[in-house]
Amino acid sequence: MTDTTTEMDGNVAELRNTVRDPKGQGDPKSYRISKDGETTRHEDAAWADKDLKMYTRDVHVHYGDNHAIKGVSVDVRPNEVLALMGPSGCGKSTFLRCLNRMNDPVPNARIDGTIALEGENIYDKDYDVVMVRLRIGMVAQAPNPFPKSIYENIAFGPRLHGLTDGKEELDEVVENSLRRAGLWEEVKDQLHQPGTNLSGGQQQRLCIARAIANEPEVILMDEPCSSLDPVSTNTIEELIMELKKSFTVVIVTHDMQQAERVSDRVAYFHLGDLVEVGPTNAVIRDAQDQRTKEYVSGHIG
Amino acid sequence: MTDATAQGSAPGGRRIDSDAFRSRLATRRRKGAILKYSGLIAICIALAILGTLLFSIVSQGWQGFLRTNVELEITYNEEIIGGDAEDIPSGAFQEIARNGLQKALGLPPEAEDYDPSDLNALISSGVRYDLQQAVRDEPELIGRTAQLSVPVSSTMDMAYKGKLNLDVDEGRRQLSNQQLEWFNQLQDDGRLHSEFYWGLFSNSDSRSPELAGLWAGIVGSFVMIGIVAAFAFPIAVAAAVYLEEFAPKNRWTELVEVNINNLAAVPSIIFGLLGLAVFLNTLGFPRSSPLAGGAVLVLMTLPIIIIAARSALRSVPPSYRDGALMLGASRNQAVMKTVLPTALPGMLTGTIIGLAQALGETAPLLLIGMQAFVAAPPEGINDTATAIPVQIYLWANAPERGFAEKTQAAIMVLLMFLLIMNATAIILRNRFQKRA
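Predicted, not measured: the structure shown is a model, and the values here were computed from it.

Rules used in this analysis
Residues numbered from 1 in each chain as written. Chains lettered and ligands numbered in written order. Predicted model: local features only at pLDDT ≥ 70, side-chain atom pairs only at ≥ 80, totals over all residues. Heavy atoms only, no water. Domains from an automatic or database assignment. Buried < 20%, exposed > 50% of the residue type's maximum accessible area, 1.4 Å probe, protein only. Helix = DSSP H or I, 4+ residues; strand = E, 2+ residues; numbered from the N terminus. Pairing = 2+ DSSP bridges. Right-handed = clockwise from strand over helix to strand, strands pointing away. Patch = residues over 30% accessible without salt bridge, like charges linked within 9 Å, V, L, I, M, F, W, Y side chains within 5 Å. Areas by Shrake-Rupley, 256 points an atom, 1.4 Å probe, with all protein chains shown as cover. Salt bridge = Lys/Arg side-chain N within 4 Å of Asp/Glu carboxyl O. Lys, Arg positive; Asp, Glu negative; His and termini not counted. Charge placed at Lys NZ, Arg CZ, Asp CG, Glu CD. Disulfide = S-S within 2.5 Å. UniProt positions renumbered as here; feature names shortened; annotations may be inferred. Contact = heavy atoms within 4.5 Å. Buried area = accessible area lost by both parts, 1.4 Å probe. Nonpolar A, V, L, I, M, F, W, Y, C, P; charged D, E, K, R; others polar. Axes fitted to C-alpha atoms, helices over the stretch in contact; angles between N-to-C directions.

## Concerning the domain arrangement of chain B
Part 1 of the argument: For chain B, the assigned domains read domain 1 (2-62), domain 2 (65-201) and domain 3 (215-435).
Part 2 of the argument: Once you take the C-alpha centre of each, domain 1 of chain B and domain 2 of chain B turn out to be 65 Å apart.

## Quick notes on the pairing of strand S11 (residues 248-253) of chain A
Residue and element names in this part refer to chain A.
Part 1 of the argument: Counting buried residues in S11 gives 6 out of 6 residues, a clear majority hidden from the surface.
Part 2 of the argument: Of the two faces of S11, both are covered, the one formed by Thr248, Val250 and Val252 as well as the one formed by Val249, Ile251 and Thr253.
Part 3 of the argument: Where strand S6 (residues 81-85) lies against S11, 5 bridges are found, and the strand directions are parallel. Residue pairing for S11: valine 81 is matched across the bridge by valine 249.
Part 4 of the argument: Here 5 bridges tie strand S10 (residues 218-222) to S11, and the two strands are oriented parallel to one another. Following the sheet pairing, isoleucine 219 is matched in S11 by valine 249.
Part 5 of the argument: Note that the unit made of S10, helix H8 (residues 230-243) and S11 has a crossover that is right-handed.

## Examining a positive patch on the surface
Part 1 of the argument: Positive charge collects at one region of the surface, where Arg15, Arg24, Arg28 and Arg29 of chain B lie side by side.
Part 2 of the argument: For arginine 28 of chain B, the location among the structural elements is in helix H2 (residues 19-61).

## Side note on the state of the cysteines
Part 1 of the argument: Overall, the coordinates contain 0 disulfides over all chains when judged by the stated rule.
Part 2 of the argument: Here cysteine 90 of chain A is not cross-linked by a disulfide; its sulfur's nearest cysteine counterpart is in cysteine 98 of chain A, at 13 Å.

## Description of the pairing of strand S7 (residues 109-117) of chain A
Part 1 of the argument: Pairing of strand S4 (residues 54-63) of chain A with S7 of chain A involves 8 bridges; the strand directions are antiparallel. Residue pairing across strands places histidine 62 of chain A opposite arginine 110 of chain A, the latter belonging to S7 of chain A.

## Quick word on the UniProt feature "domain: ABC transmembrane type-1" (unreviewed entry) in chain B
Part 1 of the argument: Per the UniProt record, the feature "domain: ABC transmembrane type-1" (unreviewed entry) sits at residues 218-425 of chain B.
Part 2 of the argument: Between the end C-alpha atoms of residues 218-425 of chain B there is a gap of 20 Å, over a span that is 77% helix and 0% strand.

## Side note on the interface of chain B and chain A
Part 1 of the argument: Across the contact, 16 residues belong to chain B and 21 residues belong to chain A.
Part 2 of the argument: Together chain B and chain A conceal approximately 1700 Å² of surface at their shared face, both sides included; 68% is due to carbon and sulfur atoms.
Part 3 of the argument: At the surface where chain B touches chain A, the tally comes to 1 salt bridge.
Part 4 of the argument: The partner of arginine 97 of chain A in a salt bridge is aspartate 322 of chain B, and the shortest N-O contact between them spans 3.7 Å.
Part 5 of the argument: Listing elements by their share of the side of chain B that touches chain A, those giving two or more residues are helix H14 (318-326) and helix H15 (331-359) of chain B.
Part 6 of the argument: When residues in the side of chain B that touches chain A are grouped by element, the largest group, 7 residues, is from H14 of chain B.
Part 7 of the argument: Class assignment of the residues belonging to the side of chain B that touches chain A gives a composition of 7 nonpolar, 7 polar and 2 charged.

## What to know about the sheet that holds strand S2 (residues 145-151) of chain B
All names here are of chain B.
Part 1 of the argument: Spatially, 3 strands are ordered S2-S1-S3 in an open sheet, and the strand pairing comes out antiparallel. Both outer strands of the open sheet, S2 and strand S3 (192-196), are each paired with one neighbouring strand and no more. Recorded for the sheet is a direction-independent mean angle of 40° between the axes of neighbouring strands.
Part 2 of the argument: Direction of pairing for strand S1 (residues 66-75) relative to S2: antiparallel, over a ladder of 7 bridges. The residue of S2 that forms the bridge with threonine 75 is threonine 145.

## Observations regarding the UniProt feature "transmembrane region" (unreviewed entry) in chain B
Part 1 of the argument: As recorded in UniProt, the feature "transmembrane region" (unreviewed entry) lies at residues 34-58, 214-243, 263-285, 291-313, 334-356 and 409-428 of chain B.
Part 2 of the argument: Each end of residues 214-243 of chain B is marked by a C-alpha atom, and these two atoms are 41 Å apart; helix forms 97% of the span and strand 0%.

## So, the pattern of salt bridges
Part 1 of the argument: For the structure on display, the rule yields 35 salt bridges over all chains.
Part 2 of the argument: Measuring nitrogen to oxygen at the nearest pair gives 2.9 Å for the salt bridge that ties glutamate 405 of chain B to lysine 163 of chain B. In this pair, glutamate 405 of chain B is assigned in helix H18 (residues 402-435) and lysine 163 of chain B in the loop between helix H7 (154-160) and helix H8 (177-188), connecting sequence segments 242 residues apart.
Part 3 of the argument: Looking at glutamate 405 of chain B, the relative accessible area reads 2%, which means it is buried.
Part 4 of the argument: For lysine 163 of chain B, a relative accessible area of 22% gives the class partly exposed.
Part 5 of the argument: Between arginine 321 of chain B and glutamate 245 of chain B there is a salt bridge, and its shortest N-O distance comes to 3.0 Å. Here glutamate 245 of chain B lies in helix H10 (residues 215-246) and arginine 321 of chain B lies in helix H14, a separation of 76 residues in the sequence.
Part 6 of the argument: Exposure remark for arginine 321 of chain B: the relative accessible area of 22% places this residue in the partly exposed category.
Part 7 of the argument: Salt bridges sharing partners connect three or more residues here, namely Lys35, Glu38, Asp289 and Arg291 of chain A.

Quick look at the structure:
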């Protein structure tokens, strides 16, 4: 391991400040590679902090004695799909849950570092956790509609936060959210049937619609297709491409093909470290770190 | 392993073709069958015991729902009653009833060769009060004659139901020879009938089995159940929600948990003693009152409902809670809007089962003084009261022959209430599940 690291460090040092064309096909986009600590970065342009949707700096997560996330710094740009990729247990879900403070209720969890939404630290004492989750929505791994009607599922958030005035506006929000999640045509005649009667893929789109209804700025998705069949997965993936027009999406996936299909950039995690981050093509086709190389060639995971 | 291959009879020598493999398969099948049939036998034994219990109660108790009446022609004799309908001694009506009996038996109005009290003893002592009340309600009756069906005394009732051995000597028989003759005469004339005894539900306790009913016990029991539901349910749900959703997991909450589990296993009589010491002696609740009884039953039921409510909360998938949190609900909102509604059917089921247990509880009630003869339903929560199981206990101890079948009938009534409550629990659960 030590040997590999040294060798790799050498590689990176050599490549630093060089300009690469990962596909070798005359791709107009070129990447500069740099390395700080464990992380190799493929930088395609300079992004000022003020233009970033979110950024994290040196985030550490401890569950008791378990050091689950070891200093992760990553940027999330507006209207991009950022895929957090890596083998099981690499910390990608943990990191995702930090982005909207869903780790708060976990006993023994300690989160250090900065996680900022539009330049403001969401872990700040004055930052209300309800505001965090209102601005940063989330879709869970397994579809988890409430045991209520489809309508009530969508109306839950707007009602909770008083986002709508009167029933008509609420009806409108419900319809709009379902339309944007591509579910309206399928469920418009059964809005008052239990959401739990839908198929798995429909349930997941219901959960996405439920998240959209709050009009968040960022939507976090934790392996949203892991329990779905290929057809439903395809539908959700198309939906994600559609969603990035209005939202910023951070998606956790262990499926490299999925990351390639839906994401603009990839952050590859390994055992709590952010190993490599950059545009999807760059990371997958031109991985610099040995660990990323092994993963993309199918040796890990 | 090599043995198996060596013994293998198949030419190919595959391990699954060997005798050893086949015999292992057979053993496995046999073990499976043993497990299955022993389970089946256990269920059969349980059902047989339950069936025997129910059969014995029903076969002995069904007659408790019936009461024997005798058809009499009653003349509201003006001379005996006198003028003022409001102020007639009940004794006068005893005479009127006796006259009716004399007429039915073809006896002369003036007793010559028999004791009139022997005749009085044939019909229920309650008849005179019924007649008195009838005249009070309707003074025009005076001077008229009416065909009435009046209850016979408990002894006659037992004789008619065949529960009295009439073949023994007079000295060992509850009916004298004379009375037996009258009984036979009435029976032969077809004047005796069995009727459904509604008084079992509408009358309260009485010294005479043919007049005794459960009304006071039913009212007492349900007032106490009401108190238990009103206090134990909200307290238990609040405790369960706090312990499951909000309490930090530390030594202190662990201690509370262990204690609640232990409390649920404490014998009910100990709760009775606690009630006696705390509610009666310290807080001065009235003895034998539904308030004191209810308070003791609240204590007894609380841990049961807390445990049921906690397991209902724990069975709510964490994804519901997470789903609400992800949408920006506070912890409190997540619990109130998603977790609690989902857990409610389970909580209600647990509560109703706890209430059913409280309904059948006797020992703690006896300790707080609920063992007296109470002939009227309580008028308030501080009034003296009784309860159905206490009534069963009292009747089971009563010396009169007629109370034996009444006891069985009361047990059936209690079981019926328990059955209704458990059915309600099931229906509620199913309805909530359907809605979800």
